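If you want the building blocks of each chain, they are given just below.
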Amino acid sequence: MMAADLLSAPNGGPGNAASVPDPADWQARAVWLRAELDRHNIAYYVFDRPTIPDAEYDKLFGELQALEAAHPELICADSPTQRVGAAPLGQFPQVTHSVLMLSLNNGFNETDVIAFDRRAREALAKSHSQQEIEYATELKFDGLAINLRYEHGVFTQAATRGDGATGEDVTENVRTVRAIPLRLGTGAPPALIDIRGEVLMYKTDFARLNARQRAAGLKEFANPRNAAAGSLRQLDSRITARRALRFFAYGIGALEGAALPSTHSALLDWYCSMGVPVCIERTTCVGADGLLEYFHNIGQKRAQLPYDIDGVVYKVNAVAEQQKLGYVSRAPRFALAHKFPAEEALTVVQEIEVQVGRTGAITPVARLAPVFVGGVTVTNATLHNEDEVNRKDIRIGDTVIVRRAGDVIPEVVAYVPEQRPQHARRFVMPGKCPVCGSPIVRLEDEAIARCSGGWIKCAAQRKGGLQHFVSRRAMDVEGLGEQLIDQLVDRQIVTTAADLYKLGLAALAALDRMADKSARNVLDALEKSKSTTLARFVYALGIRHVGEATAKALASHFGTLDALLQASKAQLLEVADVGPVVADSIIEFFADPLNIELMAQLRAAGVHWKENSTAEARHRPLLGQTFVLTGSMPTLTRDVAAAMIEAAGGKVAGSVSKKTSVVVAGAEAGSKLAKAQELGITIIDEAGLLDLLQQS
Ligand code: IVH
């Protein structure tokens, strides 16, 4: 059966009034409702193409529930209403797998992959390069392996992997997982099939679950895998039913009454046609080069995927070749898991100290026993703020899970209760700034404690402010790193950003680890940085709550620094992105004579930019902002929306990155939306876009 068949409506679909059974004919109506609900489920979970809004689905579901309540004889095990969970179990019964659930051999680098391919070629007697092996490539999901048994197309049992030979019977829990079909798609299903795959939780669902746990005062989960495992191993399946679990198939166990497809990719296509979710990132390729290319492509996409993966999996595609290669101990010779460097590791918190940021914000930082995670050795990890330390109950001496994903700052996820030593010490927020000795204050409505010294008293704030000023997205002074700034501040050569432009060759060259040449490079970079944009300059000032996107919006709205300086609160509030807190912070910054003096000195030193007249800026209100369009909007086509944005001075880009200012998301927005959420980028819909354009 083709995918399209699975998505076509029963009896001609809801659009065909004649074929939709009359609600009075309750038996036919129940059959129709079930088929409709299954069809929408498959569209959502298998093809990632929702066909109706959630509320409509809920309406159909409610109608079926009501029908079944009135006519209990209608209830059958594969009805979508049976996903609500059953009474708690005392424990999980054991299940013996009819075919062992094996594990995979791991590879960690190119050499391992090349060796895997060479061994396979040798074993298959493919000696010269024309005889490359075809591989099926897929993701290595970071979830929980599961075996789903279907008898004559009906879901009858689910079991965890356990030790590979015996697992736990989690049938009732799995029945609540909407991504898993209770009946395989129409056609002639096999008499028996064990479909194997991974149960996991999407990152957004994980965040929502933890927010719910937090609100209810319950323990949070450390990561989506733990959340998926915890949800699947609930003795009370009604709890599982409330957890958004997903499933992707990647293998097969027992099969009776049907022929095994001749390739792994055909097996996955077959699953898809039966309404079983299979990951869309799968593909086929040839030889070790093809494998490595896939690995690199997925590595690039990894952060944008809606779920966690810990590598990719390569499988010899032809089943006949797989059989020839066979198994070594508990892993197939025909497959390899190529792992990414682990993003989580265990280590010990040796101390918790505080760091002072450029706005005086005090951040508790865990000093860790060095640990290799996410491809680098980590010795420090942020604990964000005092409340976070208390909420996670991290203590000095604890063994903790440290996470470093992509370029994100390493963080302490959770402590390991079983390994807490008796002498573990609680963190106490100091009363005084460790750098300047000023009192640390915490406003009632703020999560952050701050050093009250300000940059004049506090060298840490001065250093932070200067680091921000020279950073790539601000004035972009190459070569002026943290260590140089530390020395310049400690030796009292530099106090404000304006002092940077007064530096001479001799002063710079006299610093530790500086030679004449590097000093000259820093001076050149400073000179180059003088020619900038208003947006960069405003961002570089380090006004609290004014990030890069806000600085761009302010610059394009006001056009000149003077117009911005003179703006009233009401005028500031006209700028998209600016709310009352931001507006107050801007006004406070420009009311400080020291800041006015600093800006004057910077301009006198030669810092300059091209100013636009305010009228011109008003005309192009989106100047300096980059938009990404995703999903389909109710009225505007993508081309029209893009043209409108460009006419207002904005740019339209194809992919979401840290540089994106705004994502306009329509229906069925996919990975771009997820990425935007992850990066904390402003997300608006069509109405929001139209509002933004109208503000001009
Ligand atoms: S195939 C005979 N494919 O990795 C091979 N496993 O180390 C059986 N896993 O327990 C596994 N993604 O939980 C396979 N695309 C994938 C996978 C995958 C994740 C997990 C699975 C298994 C473990 C094996």
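Residues numbered from 1 in each chain as written. Predicted model: local features only at pLDDT ≥ 70, side-chain atom pairs only at ≥ 80, totals over all residues. Heavy atoms only, no water.

## Overview of the nonpolar core
What counts, and what does not: Nonpolar core, defined: a set of buried Ala, Val, Leu, Ile, Met, Phe, Trp, Tyr and Cys residues in which side-chain atoms within 4.5 Å join the residues together. Buried residues are those whose accessible area, probed at 1.4 Å on protein chains only, stays under 20% of the maximum for their type, while exposed residues exceed 50% and partly exposed ones sit between those limits. Numbering of helices and strands runs from the N terminus, with a helix taken as a DSSP run of H or I at least four residues long and a strand as a DSSP run of E at least two residues long.
With 56 residues, the main nonpolar core has Phe469, Leu480, Leu500, Phe537, Leu554, Leu572 and Leu602 as its most contacted residues. Element by element, the count of residues in this core is highest for helix α19 (residues 534-540), at 6 residues. If you look at the next biggest cluster of nonpolar residues, it comprises 34 residues, including Ala179, Leu184, Val199 and Ala227.

## Comments concerning the pairing of strand β3 (residues 134-141)
Rules: Any two strands between which DSSP finds at least two bridges are classified as paired.
Among the 8 residues that make up β3, 7 are buried, leaving the element largely enclosed by the rest of the structure. Alignment of β3 against strand β9 (residues 283-286), held across 4 bridges, turns out to be antiparallel. The partner of glutamate 134 across the bridge, within β9, is valine 286. Summarising the sheet, β3 and strand β10 (residues 309-316) pair through 7 bridges and their orientation is antiparallel.

## Looking at the side chain of threonine 532
Note the following rule: Working rule for contacts: check all heavy atoms of both residues, and any pair within 4.5 Å makes them a contact.
Relative to the elements of secondary structure, threonine 532 occurs in strand β21 (residues 531-532). Excluding residues that lie within four positions of it along the chain, threonine 532 makes contacts with Met475, Phe537, Val607, His608, Trp609 and Lys610.

## Points about the confidence of the model for the protein chain
Rules: pLDDT is a residue-level measure of predictor confidence that goes from 0 to 100.
Scored by pLDDT, the protein chain comes out at a mean of 89, with 94% of its residues at no less than 70. Counting contacts from residues 12-18, a segment whose pLDDT is below 50, to residues more than four positions away or on other chains yields 9 contacts.

## Let's talk about the sheet that holds β9
The pairing of strands in a sheet comes from backbone hydrogen bonds and takes either a parallel or an antiparallel form. Put simply, the test is: Here an axis means a line fitted to C-alpha atoms, over the contact stretch when the element is a helix, while the angle between two N-to-C directions is reported on a 0 to 180 degree scale.
Reading across from one edge, β2-β13-β10-β3-β9 is the order of the 5 strands in this open sheet, with mixed pairing throughout. Looking at the sheet topology across the chains shown, the edges are occupied by β2 (106-107) and β9. As paired strands, β2 and strand β13 (residues 335-339) are joined by 2 bridges and run parallel to one another. Looking at the pairing, asparagine 106 lines up with alanine 337 of β13. Across the sheet, helix α4 (residues 110-123) lies against β2, β3, β10 and β13, angled at about 175 degrees from β13, the strand it touches most.

## What to know about helix α14 (residues 459-470)
Applied cut-off: Expected helix span is computed as 1.5 Å times (number of residues minus one).
With 12 residues, α14 extends 17 Å from end C-alpha to end C-alpha; this agrees with the ideal 16 Å at 1.5 Å per step. For α14, the buried fraction is high: 10 of the 12 residues fall into the buried class. Taken together, the buried positions of α14 are occupied by Ala459, Ala460, Gln461, Arg462, Lys463, Gly464, Leu466, His468, Phe469 and Val470.

## Brief notes about the sheet that holds strand β4 (residues 144-151)
A sheet is described by the order of its strands in space; here 4 strands give the open sequence β5-β4-β7-β8, paired in antiparallel fashion. Across the chains shown, the open sheet's two edge strands, defined by having one partner strand only, are β5 (154-160) and β8 (246-256). With direction set aside, neighbouring strand axes in the sheet form an average angle of 25 degrees. Of the strand pairs in this sheet, β4 and strand β7 (residues 192-200) are connected by 8 bridges, and their pairing is antiparallel. In the strand pairing of β7, arginine 149 is matched with aspartate 194.

## Considerations on the packing of helix α2 (residues 26-45) against helix α3 (residues 54-70)
Inclusion rule: Left-handed describes a crossing whose near helix is turned anticlockwise from the far helix by less than a right angle; the clockwise case is right-handed.
Between α2 and α3, whose axes approach to 10 Å, the crossing angle comes to 145 degrees. You can see that α2 and α3 cross each other, and the crossing is left-handed. Contacts between α2 and α3 pair Trp26, Arg29, Ala30, Trp32, Leu33, Arg34, Glu36, Leu37, His40 and Asn41 from the former with Tyr57, Leu60, Phe61, Glu63, Leu64, Leu67 and Glu68 from the latter.

## A look at the packing of α4 against helix α10 (residues 287-301)
Our working rule: By the convention adopted, Pro, Cys, Tyr, Trp, Phe, Met, Ile, Leu, Val and Ala count as nonpolar, Lys, Arg, Asp and Glu as charged, and the other residues, Gly among them, as polar.
Between α4 and α10, the least distance of the axes is 9 Å, while the angle of their chain directions is 140 degrees. As α4 runs across α10, the sense of the crossing is right-handed. Across the interface between the two elements, Glu110, Val113, Ile114, Phe116 and Asp117 of α4 pack against Gly287, Ala288, Leu291, Leu292 and His296 of α10. A breakdown of the residues in the contact of α4 with α10 according to their chemical character gives 6 nonpolar, 2 polar and 2 charged.

## Some points on the side chain of lysine 140
When you line up the elements, lysine 140 lands in strand β3. The buried category is assigned to lysine 140, whose relative accessible area is 19%. Here lysine 140 is in contact with Leu104, Ile309, Asp310, Gly311, Val312, Val313, Ala337 and Lys339, once residues within four sequence places are set aside.

## Remarks on the packing of aromatic side chains
Note the threshold: Each Phe, Tyr or Trp ring, with Trp reduced to its six-membered ring, pairs with another whose centre is within 6.5 Å; inter-plane angles below 30 degrees give stacked pairs, above 60 give edge-to-face pairs, and intermediate values give tilted ones. The rule is short: NZ of Lys or CZ of Arg within 6 Å of the ring centre and within 35 degrees of the ring normal puts a charge over the ring.
This structure, assessed with the given rule, holds 14 aromatic pairs. A ring pair is formed by phenylalanine 141 and tyrosine 250, whose centres lie 6.5 Å apart and whose planes are at 15 degrees; its orientation type is stacked. Of this pair, phenylalanine 141 sits in strand β3 while tyrosine 250 sits in strand β8; the two residues are 109 residues apart in sequence, bridging distant segments of the chain. We classify phenylalanine 141 as buried; its relative accessible area is 5%. Three or more aromatic residues link up through ring pairs in this structure, and these residues are Phe141, Tyr202, Phe248, Tyr250 and Tyr307. Over the face of the ring belonging to tyrosine 202 we find arginine 246, whose NZ or CZ atom lies 4.0 Å from the ring centre. The aromatic ring of tyrosine 415 is capped on one face by arginine 420, whose charged end is 3.9 Å from the ring centroid.

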